Amino acid sequence: MDRVSAFDEPLKKLLGGATAKVMAEHLDLHTVGDLLHHYPRRYEERGRLTALADLPLDEHVTVVAQVADARVLMFNNGRGKRLEVTLTDGHGRLQLVFFGHGVHKPHKELLPGRRAMFAGKVSVFNRKMQLAHPTYQLLDTADTDEATEAVDAFAGRLLPIYPACKQLDSWRIAKAVDTVLPSAQEAVDPLPPGLREGRGFTALPEALLKVHRPQTKADIAEARDRLKWDEAFVLQVALARRRYADTQLPAVARRPVPGGLLDAFDAKLPFTLTDGQQKVSKEIFDDLATEHPMHRLLQGEVGSGKTMVALRAMLGVVDAGGQAAMLAPTEVLAQQHHRSITEMMGELAEGGMLGGSEQGTKVVLLTGSMGVAARRQALLDLVTGEAGIVIGTHALIEDKVQFHDLGLVVVDEQHRFGVEQRDALRSKGKQPPHLLVMTATPIPRTVAMTVFGDLETSVLDQLPAGRSPIASHVVPAKDKPHFLSRAWERVREEVENGHQAYVVCPRIGDDADDEAAGKKAKKAPEAEGDKRPPLAVLEIAEQLTKGPLAGLRIEVLHGRMNPDDKDDVMRRFAAGEVDVLVATTVIEVGVNVPNATAMVIMDADRFGVSQLHQLRGRVGRGSAPGLCLLVSEAHEASPARARLSAVAATLDGFELSRIDLEQRREGDVLGQAQSGVRSSLRMLTVIDDEEVIAAAREEAVAVVAADPELEHLPELRTALDALLDKEREQYLDKG
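All values reported here derive from a predicted model rather than from experimental measurement. (Residues numbered from 1 in each chain as written. Predicted model: local features only at pLDDT ≥ 70, side-chain atom pairs only at ≥ 80, totals over all residues. Heavy atoms only, no water.)

Assigned secondary structure in the protein chain consists of 29 helices and 21 strands. Across the 735 residues that make up the protein chain, the buried fraction comes to 53%. For the protein chain, restricting intrachain contacts to residue pairs at least 6 apart in sequence, the fraction spanning at least 24 positions comes to 73%. Approximately 32600 Å² of the protein chain is accessible, and the part contributed by carbon and sulfur atoms is 51%. (Helix = DSSP H or I, 4+ residues; strand = E, 2+ residues; numbered from the N terminus. Buried < 20%, exposed > 50% of the residue type's maximum accessible area, 1.4 Å probe, protein only. Contact = heavy atoms within 4.5 Å. Areas by Shrake-Rupley, 256 points an atom, 1.4 Å probe, with all protein chains shown as cover.)

Below you can see the structure in the form of structure tokens.
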């Protein structure tokens, strides 16, 4: 068989249509190569039982355990039957339940003392952990052919436990792997021979064999070391090639002019920049002075002064005769940036207007919902070069928008902004403009190296003077309803002291919203189970107005409101004419109201860690301390509650982003952050494998510097092609 084609073989040829269909739909596995790279999540030792106390709620698990007792209970006046089986690991216990016709076989087979592998989703019933209708495979009986086969296959060996799904248990995946394992011999090795030998790695076919069918724990360690390196190295080569290609592009060097706009701006600043801001500004201005495009990621805590650093870079570029564009993910945010930048610049933002400064320039706003006349004027100011700075949403990328001389693009909130859009805006310059990406979600260094590996990184980690501390607490609404009543009292107290508050909900609650929720429910009734829909802005606002916050001035804000109404509400809130703003996450970034001191986040468990951290950053922006209350009905032992406790325990965004990553599947990191393409990380965990990633990056840079086209490394090229399927390839090549 040809070397590549064994891995490209579709699974349905080898496993049959039904199994292949489940693998494709539920596990995203399509070819022999995909299945060989679907590694076991962990291994059980044949004779040992799984620790039952540590099982994660709401996850599909596979456990090896012993039956302690089993009994059939009648209900519904004897018409219904329920089998309850208690499993033990010698310490903890886990309940299994079977209903109706499903009772007969397990009742016969699951006798006290029996050992088996069980698979199902962990839930809580009556405060006890349970698996409802699990599938199982007996491990200590020769009653059936299948059991004999199971014993033979795994006798005295380590049992691989695969990431599985409801439709396909781990042991069925193991059988499928047995079918394709001979193809591992055909694996094309991406590591250059010198690198492989120098680091003493095992050959790839052997590593695949050992990861799926280890004889010893040493086999597992050896295989994992090798497979992690493959992933890290191939990915870093892709990024190193992109960086190398970028250094080959020409750009116009933009050096600020002494006595120009930047100096005039600095002279009227009422405060001095923090050391961090000065250091980061220097890095940016050094980059802007070179004849290759800058590609820099500026990350910093909420409120660390990123906008100020970005604005000074934009003013420097305007001084040098170019234009700067700032891209925001939403209209609310674009308007907010426009407002704060024109306020910071004062008469310097009124170039060419009456009362404007000689050194000034025009700062224009461009969004999709602007009136025709205002939009026409903004487009004209851009093409003539009259406007040095433009702030807008992705409306800026439309074909109609022409610049006189685009020198710098600042993208705010990278994770909302696809790489494609970043590139479309770049093509607006006569030569590629310099690029500064800002993110307020701090990213651990390793992730920055992996996800934004094509960008140099600057970090602002100190808060400017005058920011207040924020106290955060979890409010367990289900277990302790009086805590929620107290939360509303606290909001009242803040308002009585002359301050304002936010209440954040996950959903809007209007017709379009409910329709979407309805569709979702129709699609997946079993997935949602007994979960109620998330709390909605419109309902909560009404309850608060009639109930605990009666008499206060309450307004709502959400993404489906007319832009003028949104603006009006935000303006009145900022002016102190509204006491409590009930909103969706539209307030997540950039909203700056120093007088708002309290935030209550409803159904906080429905938000991600970084999102909660972002939201919380909206309070405590003035001199009064901030308060953030995370309201949740999540069970105390659930991962969701653990997440909330972590957010309440620290204000350090870098620490939180580590926690966030540890809790999410690693695969989300790459695929989603890059361009929605499936992640290539199967074995590498970005947080734990810092050394591997750093070492792989060094090796990759050396390889690409010596052979940018990888002409002498055809196997590495093949691996790159597999990683960069068409969509990703375009993404990496666009630079």
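It is at 11 Å that the axes of helix H13 (residues 306–319) and helix H14 (residues 331–345) come closest, and there the two elements cross at 70 degrees. By the angle between their axes, H13 is roughly perpendicular relative to H14. For the pair H13 and H14, the sense of crossing is right-handed. Taking contact as the criterion, the partners of Thr 307, Met 308, Leu 311 and Leu 315 in H13 are, on H14, His 337, Ile 341, Met 344 and Met 345. Across the contact of H13 with H14, the residue classes tally to 6 nonpolar, 2 polar and no charged. (Axes fitted to C-alpha atoms, helices over the stretch in contact; angles between N-to-C directions. Parallel < 35°, antiparallel > 145°, perpendicular 65-115°, else oblique. Left-handed = near helix turned anticlockwise from the far one by under 90°. Nonpolar A, V, L, I, M, F, W, Y, C, P; charged D, E, K, R; others polar.)

In sheet architecture, strand pairing relies on hydrogen bonds along the backbone and comes in two forms, parallel and antiparallel. Spatial ordering of the open sheet is given by S16-S21-S20-S17-S19-S18, a layout of 6 strands whose pairing is parallel. The open sheet terminates on both sides in strands that have one partner only, identified here as strand S16 (470–476) and strand S18 (554–557). Within this sheet the neighbouring strands show an average axis-to-axis angle of 20 degrees, counted without direction. Bridge count between strand S20 (residues 596–601) and strand S21 (residues 626–632): 4 bridges; the pairing is parallel. Of the residues in S21, the one forming a bridge with Ala 598 is Leu 627. (Pairing = 2+ DSSP bridges.)

In the Ramachandran plot, Asp 603 falls in the positive-phi region, its phi being about 50 degrees despite a non-glycine side chain. Judged by relative accessible area, Asp 603 falls into the buried class, the value being 4%. Non-glycine residue Leu 710 carries a positive phi angle of around 55 degrees. By the element assignment, Leu 710 lies in the loop between helix H27 (690–706) and helix H28 (714–723). The class of Leu 710 is buried, set by a relative accessible area of 0%.

For Asp 688, the position within the fold is in the loop between helix H26 (667–674) and H27. For the pair formed by Asp 688 and Arg 658, sequence separation is 30 residues and the distance between their alpha carbons is 10.0 Å.

With that settled, consider the nonpolar core. Nonpolar side chains tend to gather and get buried jointly when the protein is soluble and globular. Ranked by size, the top nonpolar core spans 39 residues in total, and within it Met 345, Ile 389 and Leu 408 carry the most contacts. The dominant element in this core, judged by the number of residues it contributes, is H13, at 9 residues. Residues contacting Met 345, with those up to four places away along its chain left out, are Phe 265, Lys 268, Leu 311, Leu 315, Thr 361, Val 363 and Ile 389. If you look at the next biggest cluster of nonpolar residues, it comprises 33 residues, including Leu 29, Val 32, Leu 36 and Leu 227. (Core = buried A, V, L, I, M, F, W, Y, C linked by side-chain atoms within 4.5 Å.)

Moving on, we come to the sheet that holds strand S14 (residues 434–439). What the 7 strands build is an open sheet, ordered S11-S12-S10-S13-S14-S9-S15; its pairing is parallel. The open sheet terminates on both sides in strands that have one partner only, identified here as strand S11 (362–366) and strand S15 (456–460). Strand after strand, the sheet turns through a mean of 20 degrees between neighbouring axes, direction not considered. Of the pairings in the sheet, the one linking S11 to strand S12 (residues 387–392) comprises 5 bridges and is parallel in character. Bridging across to S12, Lys 362 finds its partner in Ala 387. Together, strand S9 (295–300), strand S13 (406–412), S14 and S15 form the strand contacts of helix H12 (residues 275–288), whose direction differs from that of S15 by roughly 155 degrees. H13 rests against S9, strand S10 (323–327), S12, S13, S14 and S15 of the sheet, and its axis sits at about 170 degrees to S13.

As a further point, take the pattern of salt bridges. If you walk through the whole model with that rule in mind, you get 36 salt bridges. Close ionic contact of Lys 210 with Glu 206 constitutes a salt bridge, the shortest N to O distance being 3.0 Å. Placement of both Lys 210 and Glu 206 in helix H9 (residues 204–212) is noted, with a separation of 4 residues, approximately one turn of the helix. For Lys 210, a relative accessible area of 15% gives the class buried. By relative accessible area, Glu 206 is classed as partly exposed at 35%. Arg 254 is the partner of Asp 405 in a salt bridge, and the nearest nitrogen-oxygen pair spans 3.1 Å. With Asp 405 in the loop between S12 and S13 and Arg 254 in the loop between helix H10 (217–247) and helix H11 (261–267), the pair connects residues that are 151 residues apart, well separated along the chain. (Salt bridge = Lys/Arg side-chain N within 4 Å of Asp/Glu carboxyl O.)

Right, let's talk about H27 for a bit. In this model H27 runs 25 Å from its N-terminal to its C-terminal C-alpha over 17 residues, within 8% of the 24 Å that 1.5 Å per residue would give. Taken as a whole, H27 has its buried residues at Val 692, Ile 693, Ala 695, Ala 696, Arg 697, Ala 700, Val 703 and Val 704. (Expected span 1.5 Å × (residues − 1).)

A few words on the confidence of the model for the protein chain. Considering every residue of the protein chain, the mean pLDDT works out to 82; 84% of them sit at 70 or more. A low-confidence stretch, residues 521–530 (pLDDT under 50), is modelled with 1 contact involving residues beyond four sequence positions or located in other chains. Counting interchain partners and residues more than four positions distant, the pLDDT-below-50 stretch residues 726–735 has 25 contacts. (pLDDT = per-residue confidence, 0-100.)

Okay, the environment of Met 23 next. Summarising the element assignment, Met 23 is placed in helix H3 (residues 17–27). Excluding anything up to four places from it in sequence, Met 23 contacts Leu 11, Leu 15, Asp 28, Leu 29, Leu 35, Leu 168, Ile 173 and Ala 176.

Of all 9 residues in strand S3 (residues 80–88), 7 are buried, a share of seventy percent or more. As defined by bridge partners, strand S2 (residues 60–75) adjoins S3 across 9 bridges and the pair is classed as antiparallel. Paired with Phe 75 across the bridge in S3 is Gly 80. The hairpin turn running from S2 into S3, its antiparallel successor, is 4 residues long, and Asn 76 in that turn takes a positive phi close to 60 degrees. As defined by bridge partners, S3 adjoins strand S4 (residues 93–99) across 7 bridges and the pair is classed as antiparallel.

In this section: the packing of H9 against H10. Helix packing for two helices is described by the angle between their axes and how far apart those axes are. For the pair H9 and H10, the least separation of the axes is 8 Å and the interaxial angle reads 125 degrees. With respect to each other, H9 and H10 are oriented oblique. The crossing of H9 and H10 is left-handed. For the pair formed by H9 and H10, the contact residues are Leu 204, Glu 206, Ala 207, Leu 208, Lys 210 and Val 211 on the first element and Asp 219, Glu 222, Ala 223, Arg 226, Leu 227 and Asp 230 on the second. When its residues are assigned to classes, the contact of H9 with H10 shows 6 nonpolar, no polar and 6 charged.

Relative to the assigned elements, Leu 406 resides in strand S13. Residue Leu 406 is classed as buried on the basis of its relative accessible area, which comes to 2%. In this structure, the C-alpha to C-alpha distance between Leu 406 and Ala 324, residues 82 residues apart in sequence, is 6.1 Å.

This structure, assessed with the given rule, holds 6 aromatic pairs. Here Phe 75 and Phe 99 contribute two aromatic rings whose centre-to-centre distance is 6.5 Å and whose plane-to-plane angle is 90 degrees, an arrangement assigned as edge-to-face. Placement of the pair is Phe 75 in strand S2 and Phe 99 in strand S4, with a sequence separation of 24 residues. Phe 99 sits in the partly exposed class, given a relative accessible area of 37%. (Phe/Tyr/Trp six-rings, centres within 6.5 Å; stacked < 30°, edge-to-face > 60°.)

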